[in-house]
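For reference, the chains in residue letters:
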Amino acid sequence: MKSTTKIKPGVPVGSSSPKGQTALPHISIFFKLIDNANASKDGVKFSPLQGHYEPGYFYGNVKTHKPETKYFQIPTPTYQLVKQINYLIIPYIATIHALSYTDEFVDLLRNTNPQGILASLDVESLFTNVPVEGTIKIILQNVFNHDSLPPPKIPRLTLENMLRTCTKEVPFRCPSGKIYFQTDGVAMGPLGVLFAQAYMYHIENHILDTLSQKPNMYLRYIDDIFVDIEGEEQLECPKNKMEENSCLSFTVERSVDNEIPFLDVWVDGSEDIDKEIKINMEKANGNTIKVDKGE
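Definitions and limits used
- Residues numbered from 1 in each chain as written.
- Predicted model: local features only at pLDDT ≥ 70, side-chain atom pairs only at ≥ 80, totals over all residues.
- Heavy atoms only, no water.
- Phe/Tyr/Trp six-rings, centres within 6.5 Å; stacked < 30°, edge-to-face > 60°.
- Axes fitted to C-alpha atoms, helices over the stretch in contact; angles between N-to-C directions.
- Helix = DSSP H or I, 4+ residues; strand = E, 2+ residues; numbered from the N terminus.
- Contact = heavy atoms within 4.5 Å.
- Nonpolar A, V, L, I, M, F, W, Y, C, P; charged D, E, K, R; others polar.
- Buried < 20%, exposed > 50% of the residue type's maximum accessible area, 1.4 Å probe, protein only.
- Salt bridge = Lys/Arg side-chain N within 4 Å of Asp/Glu carboxyl O.
- Pairing = 2+ DSSP bridges.

Colleague: What exactly am I supposed to notice about the packing of aromatic side chains here?
Modeller: Aromatic ring pairs are reported here in terms of the distance separating the ring centres and the angle at which the planes meet. Evaluation of the coordinates by the stated rule reveals three aromatic pairs. An aromatic cluster of three or more residues is present, and its members are F105, F226 and F262.

Encoded structure:
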């Protein structure tokens, strides 16, 4: 990350570029990008920035199940612009292996018999390790060269500049009061999830197609991956290849007696008479519901 000059907090943002506010020279970038995108008569229209322009807040949050402290950002006033960009791009990003929610995972398990060993892969610090420039190229390739969808009515260069500016030119304040820009990696939020999904799918699409023995099941929720795979060697192979072909690191959690937790589900793939998967969903109130596939 790079340090920059401090900016004055609480400066109002209106529907047009403010004048005489030299303390916020970079705010004009966002106004120009929105104006360029809105210039086309029949093109995509973006809402102007509103409210107060203040840096996001950079804070640490200890995760007891992680070996180190993780850091996050509170959204800035460009959050609404980011949401619009995210909404525009999402349809172009493939979700072949991606899970959207727990119930989707449970439904898939109900219709699946385990054929090998169950395990999970965890991407270490996915958001902060997503390469911004490389992922922008991946996103633009998907958006403007999609197999079935027409490209959105926005110039490619304008969208490229929007993606770059909304990830690399948004300041945030750390607890000491210093102001920073995050020059690589993404913050958690709509655009962060979009970048993470696009980058992960790019890796998966390349690696899984090259495997001589593919997983029986490969499902991913953001940075957590569930696999049903034939054996130990077949488990290490995709992990190693994904690490070799990306800037990411993965940890492996192997099932015990072919039982493993994933999301908020305890998956029991141990062999019984019918070789059916059992699903235990742990509810917040501490109750446990067991669902057999045949029920």
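Colleague: I'm lost on the packing of helix 2 (residues 79-89) against helix 7 (residues 190-210) in this one. Help?
Modeller: Helix-helix packing: each pair is described by the crossing angle between the helix axes and the interaxial distance. Following both chains from N to C, one finds helix 2 and helix 7 inclined at 35°, their axes separated by 8 Å at the closest point. Between helix 2, through Y79, V82, K83, I85, N86 and I89, and helix 7, the contact on the second element is made entirely by P190, L191 and L194. Class assignment of the residues belonging to the contact of helix 2 with helix 7 gives a composition of seven nonpolar, one polar and one charged.

Colleague: Before we go on, may I ask you to explain the side chain of K239 in this structure?
Modeller: Within the secondary structure layout, K239 lies in helix 8 (residues 232-244). Beyond its immediate stretch of four places on either side in the chain, K239 contacts L121, F250 and V252.

Colleague: Explain the environment of E104 here, please?
Modeller: Along the chain, the position of E104 falls in helix 3 (residues 102-110). Residue E104 is classed as partly exposed on the basis of its relative accessible area of 24%. Filtering out sequence-adjacent residues up to four positions away, E104 remains in contact with A98 and L99.

Colleague: Looking at this model, I keep getting lost on the pattern of salt bridges. Mind explaining?
Modeller: Close approach of charged atoms allows side chains with opposite charge to pair. According to the stated counting rule, one finds eight salt bridges in the structure shown. In this structure, the salt-bridge partner of R220 is E204, at a minimum N-O distance of 2.5 Å. In this pair, R220 sits in strand 9 (residues 217-221) while E204 sits in helix 7, placing the two residues 16 residues apart along the sequence. Note on accessibility: R220 and E204 belong to one class, buried. Note that E236 and R254 form a salt bridge whose closest N and O atoms lie 2.6 Å from each other. Linking E236 in helix 8 with R254 in strand 11 (residues 250-254), this pair joins segments that are 18 residues apart in sequence. Since its relative accessible area comes to 21%, E236 is described here as partly exposed.

Colleague: I tried to follow the sheet that holds strand 10 (residues 224-229) on my own but got confused; where do I start?
Modeller: What holds strands together in a sheet is hydrogen bonding between their backbones, with the strands either parallel or antiparallel. One open sheet accounts for four strands, arranged 9-10-6-11; its pairing is antiparallel. The sheet terminates laterally at strand 9 and strand 11, the two strands that pair on one side only. This sheet shows a mean twist of 20° between the axes of neighbouring strands, independent of strand direction. As paired strands, strand 6 (residues 117-123) and strand 10 are joined by six bridges and run antiparallel to one another. The partner of A119 across the bridge, within strand 10, is V227.

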